[in-house]
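Fold and geometry: a report
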Amino acid sequence: MAYVDGLPQPNRSLVMGVVNVTPDSFSDGGLWFDASSAVDHGLRLAAQGADLVDVGGESTRPGAKRPPLEEELRRVVPVVREVAAAGVTVSVDTMRSEVAQQALEAGAHLVNDVSGGLADPDILRVVADADVPIVLMHWRGHSDHMQELAVYDDVVTDVMTELQPRIDAAISAGIAEQRIIIDPGLGFAKTWDHNWTVLARLVEIVNSGFPVLVAASRKTFLGELLADPHTGERREPHQRDAASTALTTTMALDGVWAVRVHEVPANVDAVRVAARLGWERSSVREGT
Ligand code: PMM
């Protein structure tokens with residue numbers, strides 16, 4: 001199990017709860033759009049057992065348009081401040097250095113950059129100066145055109161090859177290697193089949209030695225998998241939680257550092273089940 005300096009280390013995969021302070025995220029857009037309901041939601045997720053709470057103000061669903069900087073700051077910073085003040089470990093989900101900077105000043109403990117430092121390279125300096133961990137996600141372009149970029153020779157090899165220069169850039173900017181978390185970026189410039197391939201071969205990514213975060217929760221490939229057999233209609237996002245939890249179990253057994261999820265209690269149970277089972281499997285292997 002990989003650990004990250006300065007973050008909780010409960011000897012199992014961590015659970016990161018999601019608070020999208022957006023009007024348009026695919027799974028919970030608009031639900032926590034005002035600061036006080038976003039704060040309440042973040043505190044509720046922490047009380048339910050989330051190890052980290054991820055606060056974001058930009059929807060990255062395919063086709064989404066970016067909010068202006070001032071709007072993203074207005075959405076995110078007050079929520080980060082209040083949730084962190086309550087003693088919760090908070091990550092800020094942003095691609096902008098200014099948002100990262102202000103969120104860190106407001107008490108955030110890590111930065112989750114879905115662009116892996118590509119959208120605004122100065123974010124790497126901000127993270128290095130603050131000496132906090134960063135999530136570098138595999139990313140090929142903004143959401144308004146990313147699905148045109150979903151072309152790979154071998155998705156797992158290509159993701160790892162494209163993450164390496166992001167890791168190198170983070171280290172060159174002064175971020176300690178032990179503070180780097182990687183994420184294959186399910187659904188970002190990836191088809192549903194690509195997502196399944198990444199999940200089937202997750203161990204190859206975990207074997208890189210870097211802590212791995214994965215966000216499968218409620219994503220469209222699950223809605224498609226669970227489509228109504230009669231009408232073909234996709235399963236709604238909030239009815240994808242059982243499938244998301246099933247994936248949490250397999251990903252935790254594969255050794256991911258953390259899962260990013262919308263619904264916390266079942267996923268906390270799942271990572272605990274996986275930790276116990278993983279421990280038992282290694283005892284059996286060692287013949288104890
Ligand atoms: N996906 C979304 C948002 N943030 N962060 C990381 N590190 N990895 C992801 O795959 C990721 C992310 C989009 O999902 P949402 O709209 O449910 O937040």
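Residues numbered from 1 in each chain as written. Predicted model: local features only at pLDDT ≥ 70, side-chain atom pairs only at ≥ 80, totals over all residues. Heavy atoms only, no water.

So, on to unusual backbone geometry. The phi angle at Asn 11 is positive, at roughly 65°, despite the residue not being glycine. Asn 11 gets classed as exposed once you look at its relative accessible area, which sits at 57%. Within the chain, Arg 218 stands out as a residue other than glycine whose phi angle is a positive 60°. With respect to the secondary-structure elements, Arg 218 resides in the loop between strand E7 (213–214) and helix H8 (220–225). Relative accessible area serves as the criterion here: at 10%, Arg 218 is assigned to the buried category. (Buried < 20%, exposed > 50% of the residue type's maximum accessible area, 1.4 Å probe, protein only. Helix = DSSP H or I, 4+ residues; strand = E, 2+ residues; numbered from the N terminus.)

In spatial order, the strands read E6-E5-E4-E3-E2-E1-E8-E7; together these 8 strands make up an open sheet with parallel pairing. Since the sheet does not close on itself, it has two edges, and those belong to strand E6 (180–183) and E7, each with one partner. Pairing analysis gives 4 bridges linking strand E5 (residues 134–137) to E6, with the strands arranged parallel. Paired with Leu 136 across the bridge in E6 is Ile 182. The strands touched by helix H5 (residues 155–172) are E5 and E6; relative to E6, the strand with the most contacts, the crossing angle is about 155°. (Pairing = 2+ DSSP bridges. Contact = heavy atoms within 4.5 Å. Axes fitted to C-alpha atoms, helices over the stretch in contact; angles between N-to-C directions.)

What follows is about the pattern of salt bridges. Under the definition given, this model contains 16 salt bridges. We note a salt bridge from Asp 93 to Arg 260, for which the minimum N-O separation is 3.3 Å. Taken together, the positions of Asp 93 in strand E3 (residues 90–93) and Arg 260 in strand E8 (residues 258–261) put the pair 167 residues apart, joining distant regions of the chain. Each of the two residues, Asp 93 as well as Arg 260, counts as buried. Across the pair Arg 201 and Glu 204 runs a salt bridge, and its minimum N-O distance is 2.7 Å. In the salt-bridge network here, residues are joined through shared partners; they are Asp 54, Asp 93 and Arg 260. (Salt bridge = Lys/Arg side-chain N within 4 Å of Asp/Glu carboxyl O.)

Of the two faces of E3, the one carrying Val 90 and Val 92 and the one carrying Ser 91 and Asp 93 are both buried. In this structure, strand E2 (residues 52–56) lies alongside E3, joined through 4 bridges in parallel fashion. What sits directly across from Val 53, in E3, is Val 90. For the handedness criterion, the β-α-β arrangement of E2, helix H2 (residues 69–85) and E3 is classed as right-handed. Strand direction decides the pairing type here: E3 and strand E4 (residues 110–113), joined by 3 bridges, are parallel. Residue Ser 91 lies in a different strand from E4, and its bridge partner there is Leu 110. As a crossover connection, the stretch from E3 through helix H3 (residues 97–105) into E4 is right-handed. (Right-handed = clockwise from strand over helix to strand, strands pointing away.)

What follows covers the site of the ligand. Around the ligand, the surrounding shell holds 17 residues, and the nearest of these are Asn 112, Asp 183, Lys 219, Arg 260 and His 262. A distance of 2.7 Å separates an oxygen atom of the ligand from a polar atom in the side chain of Lys 219. When the ligand is considered free in solution it has 410 Å² of accessible area, and contact with the protein chains removes 98% of it. Per-class residue counts for the shell around the ligand are 7 nonpolar, 6 polar and 4 charged. (Near = heavy atom within 4 Å. Polar contact = N/O pair within 3.5 Å; in protein donor to acceptor, adjacent residues only side chain to side chain. Areas by Shrake-Rupley, 256 points an atom, 1.4 Å probe, with all protein chains shown as cover. Nonpolar A, V, L, I, M, F, W, Y, C, P; charged D, E, K, R; others polar.)

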